[in-house]
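Summary of the model geometry
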Amino acid sequence: MDVTDDDGIRTVTFDRPEVMNAFTTDTAEELADVLAEADADEHDAVVLTGEGDAFSAGGDVQSMAEREETTEAAYERITATFGRVVEEALSAPVPIVAKVNGDAVGAGLAITAVSDFAYAVDSARFGCAFVRVGLIPDTGGSFLLPRIVGLRTAKRLAFTGEYFGADEAAEMGLVNEVVPDEQLGPAVDDLLDTLQERPTRTIGLAKRAIHENMGKGWREAADYENMVQSQAYDTPEHEEGVAAFLEGRDPEFE
């Protein structure tokens, strides 16, 4: 995959267009490594997109056909690759933005779900296609889809593997906005401009609190929220935000 850094924005482009940017174990490991490098001191956001006409067609079925391994070996491989993509994306201290330039199927759909924002072209198709090759949703799909689209819809997508369009993805909440092809870049750029005006460290703390609290009871969640908020109070971003408000000016976050 191709990785570029420009003025605080790290862009990761899946660059296997000849196979619709399908993921092998190696490319999943590479993506996890890149996400692990996200740093609030250097990056304001990480953008994920695809080369050519697809975002990602999911797992590379050809590589699946060539693989021979025990159940134990499969567990170790998946945990260290696709499982780690989920861990790094959800714990990254900066926002992850999926710039869905085309079809997002299987792991491509799951990566869309694991991102903090997702913008898609109106021609994109989506599908939780794991069942079509005898697999369950992975790359966080079984955890995130019910929380994003609802339990019954998640079951329908996982059990049928049906394909659906970008407008339906937006109705489900899987993507934030659907735009014509030529407007995808400007729409994402507008979002990135807004994110760059906000304090990245504070966004990272908010993201951490939201994700950590997804599975907690309300008392434990409230206590964790209080703990993270106490950390936010002790940051230069909070000091600048308060000063700017009292002085009647726009804050200037680093």
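Further up the page is the structure itself.
The shown structure was predicted, so the numbers you read here are calculated from the model rather than taken from an experiment.

Analysis parameters
- Residues numbered from 1 in each chain as written.
- Predicted model: local features only at pLDDT ≥ 70, side-chain atom pairs only at ≥ 80, totals over all residues.
- Heavy atoms only, no water.
- Helix = DSSP H or I, 4+ residues; strand = E, 2+ residues; numbered from the N terminus.
- Rg over C-alpha atoms; globule rule 2.2 N^0.38 Å.
- Buried < 20%, exposed > 50% of the residue type's maximum accessible area, 1.4 Å probe, protein only.
- Axes fitted to C-alpha atoms, helices over the stretch in contact; angles between N-to-C directions.
- Parallel < 35°, antiparallel > 145°, perpendicular 65-115°, else oblique.
- Contact = heavy atoms within 4.5 Å.
- Core = buried A, V, L, I, M, F, W, Y, C linked by side-chain atoms within 4.5 Å.
- Salt bridge = Lys/Arg side-chain N within 4 Å of Asp/Glu carboxyl O.
- Pairing = 2+ DSSP bridges.
- Phe/Tyr/Trp six-rings, centres within 6.5 Å; stacked < 30°, edge-to-face > 60°.
- Right-handed = clockwise from strand over helix to strand, strands pointing away.

Thoughts on the overall build of the protein
Along the backbone of the protein there are 12 helices and 10 strands. Relative to the globule expectation of 18 Å for 254 residues, the C-alpha radius of gyration of the protein, 19 Å, shows essentially globular dimensions. With the C-alpha coordinates aligned to their principal axes, the bounding extent of the protein is approximately 60 × 45 × 30 Å. For the protein, the residues scored as buried account for 45% of the 254 residues in total.

With respect to the side chain of Thr81
Structurally, Thr81 can be placed in the loop between α3 (71-80) and α4 (82-91). For Thr81, a relative accessible area of 3% translates into the label buried.

Quick word on the packing of α3 against α4
Viewed as axis vectors pointing N to C, α3 and α4 meet at an angle of 30 degrees, and their least axial separation amounts to 3 Å. In this view, α3 runs roughly parallel relative to α4, as classed from their interaxial angle. Contacts between α3 and α4 involve Ile78, Thr79 and Ala80 on the former and, on the latter, Phe82, Gly83 and Arg84.

Comments concerning the nonpolar core
Formed by 60 residues in total, the largest nonpolar core has its most connected members in Leu31, Leu48 and Phe126. When residues in this core are grouped by element, the largest group, six residues, is from helix α9 (residues 184-197). If sequence neighbours within four positions are ignored, Leu48 has contacts with Val12, Phe14, Leu31, Leu35, Phe55, Ile96, Val97, Ala98, Lys99, Ile111 and Ser115. If you look at the next biggest cluster of nonpolar residues, it comprises five residues, including Leu205, Ala209, Val228 and Ala232.

Comments concerning the pattern of salt bridges
Throughout the structure, instances matching the rule amount to 15 salt bridges. We note a salt bridge from Arg201 to Glu237, for which the minimum N-O separation is 2.4 Å. You can see Arg201 sitting in helix α10 (residues 200-212) and its partner Glu237 sitting in helix α12 (residues 236-247), a full 36 residues away along the chain. Note that Lys216 is salt-bridged to Glu212, the shortest N-O span being 3.8 Å. On the accessibility criterion, Lys216 (23% relative accessible area) is partly exposed. Residue classification places Glu212 among the partly exposed residues on the basis of a relative accessible area of 40%. Within this structure, Asp5, Arg10 and Glu37 form a network of salt bridges that share partners.

Digging into the sheet that holds strand β5 (residues 96-100)
Spatially, the six strands line up as an open sheet ordered β1-β2-β3-β5-β7-β10, and their pairing is mixed. Of all strands in the sheet, those bounded by a partner on one side alone are β1 (2-6) and β10 (177-179). Neighbour-to-neighbour, the strand axes of this sheet turn through a mean angle of 20 degrees, independent of strand direction.

Considerations on unusual backbone geometry
Unlike most non-glycine residues, Asp7 shows phi in positive territory, near 55 degrees. Relative to the elements of secondary structure, Asp7 occurs in the loop between β1 and β2 (9-14). Among the residues examined, Asp7 registers a relative accessible area of 64% and is labelled exposed. Its identity is not glycine, yet Thr139 carries a phi of approximately 50 degrees, on the positive side. Within the secondary structure layout, Thr139 lies in the loop between β8 (125-127) and α6 (141-149).

Digging into the packing of aromatic side chains
Counted under the stated rule, the structure contains four aromatic pairs. Note on Phe14 and Phe23: the rings are 5.0 Å apart at their centroids and 70 degrees apart in plane angle, and the pair reads as edge-to-face. Classification of Phe14 as buried rests on a relative accessible area of 3%. Since its relative accessible area comes to 4%, Phe23 is described here as buried.

Looking at the pairing of β2
Extensive coverage of β2 is indicated by the burial of five of its six residues. Where β1 meets β2, five bridges bridge the pair, whose relative direction is antiparallel. Its bridge partner being in β2, Asp2 is matched across the sheet by Thr13. Bridge count for β2 against strand β3 (residues 45-50) is six bridges, and the pairing is parallel. Following the sheet pairing, Arg10 is matched in β3 by Val46. Assessed by its sense of winding, the connection that carries the chain from β2 through helix α1 (residues 25-36) to β3 is right-handed.

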